[in-house]
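Chains, contacts and geometry: an overview
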Amino acid sequence: MGRPKEFDEHEALMKAMRLFWVHGYKATSIQDLVDGMGIGRGSLYGTFGGKRSLFMRALRYYDEERATYFTDLSTSKPPRQALLNAFESVADTVLGHGSRDGCFLVNTALELSPHDAEIGSVVCDGFADAESFFRNMIERGQASEEISGTVDANSTAHTLHTLLLGMLVLARSRPEPMLLQGIVKQAGQLVPEPGL
């Protein structure tokens, strides 16, 4: 019978996720992970299987949390406000809290997706979920007459998602209030209320 773990596996995973999120996969060494997670190399390999499998667990966990975020938004806010909140929360995180970390999925897309099919698949699924969120909110908003019926749900969802991705990249390099607030305003103009 093996020795019981002397660390909280979930807490260690969260610490690893943060390191990968902020520094990227390649720039995060095994020693960085050991130091940052507060566990030994043997525990890292024994519990998580190594750097790549730890990264995959962290990325999948982040993707699941992001999906939960979109679900919570869609159930707690009116449809138009829910989709605008996705943009407002990015602006608030950057402008109100000074974070320039961006989105773990977007950062991974830029660093690894072109070179790793499995990682690229997780990223693509996450992006598809976000686009579905926008499409569903537009359709629900049109059904409840919060969003103009002239809006094409599919193409506008795609455009909103593209705008959000761009915002997340710009938030890392140009966290300027006018720029980010302008993107929030542009998102609102893409989903006008009826009669506007």
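Structure: see above.
Each value, and the rule that gives it
Residues numbered from 1 in each chain as written. Predicted model: local features only at pLDDT ≥ 70, side-chain atom pairs only at ≥ 80, totals over all residues. Heavy atoms only, no water. Helix = DSSP H or I, 4+ residues; strand = E, 2+ residues; numbered from the N terminus. Axes fitted to C-alpha atoms, helices over the stretch in contact; angles between N-to-C directions. Parallel < 35°, antiparallel > 145°, perpendicular 65-115°, else oblique. Left-handed = near helix turned anticlockwise from the far one by under 90°. Contact = heavy atoms within 4.5 Å. Expected span 1.5 Å × (residues − 1). Buried < 20%, exposed > 50% of the residue type's maximum accessible area, 1.4 Å probe, protein only. Arc of directions from axis to C-beta. Salt bridge = Lys/Arg side-chain N within 4 Å of Asp/Glu carboxyl O.

Even without a glycine there, the phi angle at Glu 145 is positive, about 60°. Mapped onto the elements, Glu 145 comes out in the loop between helix 7 (117-143) and helix 8 (153-173).

The next thing to look at is the packing of helix 4 (residues 51-76) against helix 5 (residues 79-97). Following both chains from N to C, one finds helix 4 and helix 5 inclined at 130°, their axes separated by 8 Å at the closest point. One way to sum up the angle between helix 4 and helix 5 is to call them oblique. Crossing geometry of helix 4 relative to helix 5 is assigned as right-handed. Where helix 4 approaches helix 5, its residues Tyr 69, Phe 70, Leu 73 and Ser 74 are matched on the opposing element by Ala 82, Asn 85, Ala 86 and Ser 89.

Take helix 5 next. The end-to-end C-alpha distance of helix 5 is 26 Å, a good match for the 27 Å that 19 residues give at a rise of 1.5 Å each. Listing the buried residues of helix 5 in full gives Pro 79, Arg 80, Ala 82, Leu 83, Leu 84, Asn 85, Ala 86, Phe 87, Val 90, Ala 91 and Val 94. Looking at the buried side of helix 5, the elements it contacts are helix 4, helix 7, helix 8 and helix 9 (177-190). One or two residues past the end of helix 5 sits Gly 98, with phi positive at roughly 75°.

Two elements in contact, helix 3 (residues 41-48) and helix 4, have axes whose closest approach is 9 Å; the angle formed by their N-to-C orientations is 60°. Judged by the angle between their axes, helix 3 and helix 4 are oblique. Crossing of helix 3 against helix 4: the hand is left-handed. Here Leu 44, Thr 47 and Phe 48 of helix 3 lie close against helix 4, whose contacting residues are Lys 51, Ser 53, Leu 54 and Arg 57.

Here we take up helix 9. Helix length check: helix 9 (14 residues) gives 20 Å between terminal C-alpha atoms against 20 Å at 1.5 Å per residue, within 8%. Regarding helix 9, the residues found buried are Leu 180, Ile 183, Val 184, Ala 187 and Gly 188. The arc enclosing the buried residues of helix 9, seen along the axis, measures out at 140°, which places them on a common side. Opposite its buried face, helix 9 presents the exposed residues Met 178 and Lys 185, each directed more than 90 degrees away.

Our next topic: the environment of Ser 155. Secondary-structure assignment places Ser 155 in helix 8. Relative accessible area serves as the criterion here: at 40%, Ser 155 is assigned to the partly exposed category. Spatially, the C-alpha atoms of Ser 155 and Arg 135 are 8.7 Å apart, while their sequence positions differ by 20 residues.

Within this structure, the stated rule accounts for seven salt bridges. A salt bridge links Lys 15 to Glu 11, with the nearest nitrogen and oxygen atoms 3.2 Å apart. Taken together, the positions of Lys 15 and Glu 11, both in helix 1 (residues 9-23) and four residues apart, correspond to about one turn of that helix. The class for Glu 11 is partly exposed, based on a relative accessible area of 42%. A salt bridge links Arg 18 to Asp 101; its shortest N-O distance comes to 2.2 Å. One end of the pair, Arg 18, is in helix 1; the other, Asp 101, is in the loop between helix 5 and helix 6 (104-111), and 83 residues separate them in sequence. If you follow the salt bridges from partner to partner, you end up with Arg 52, Arg 60, Asp 116 and Glu 118 in one network.

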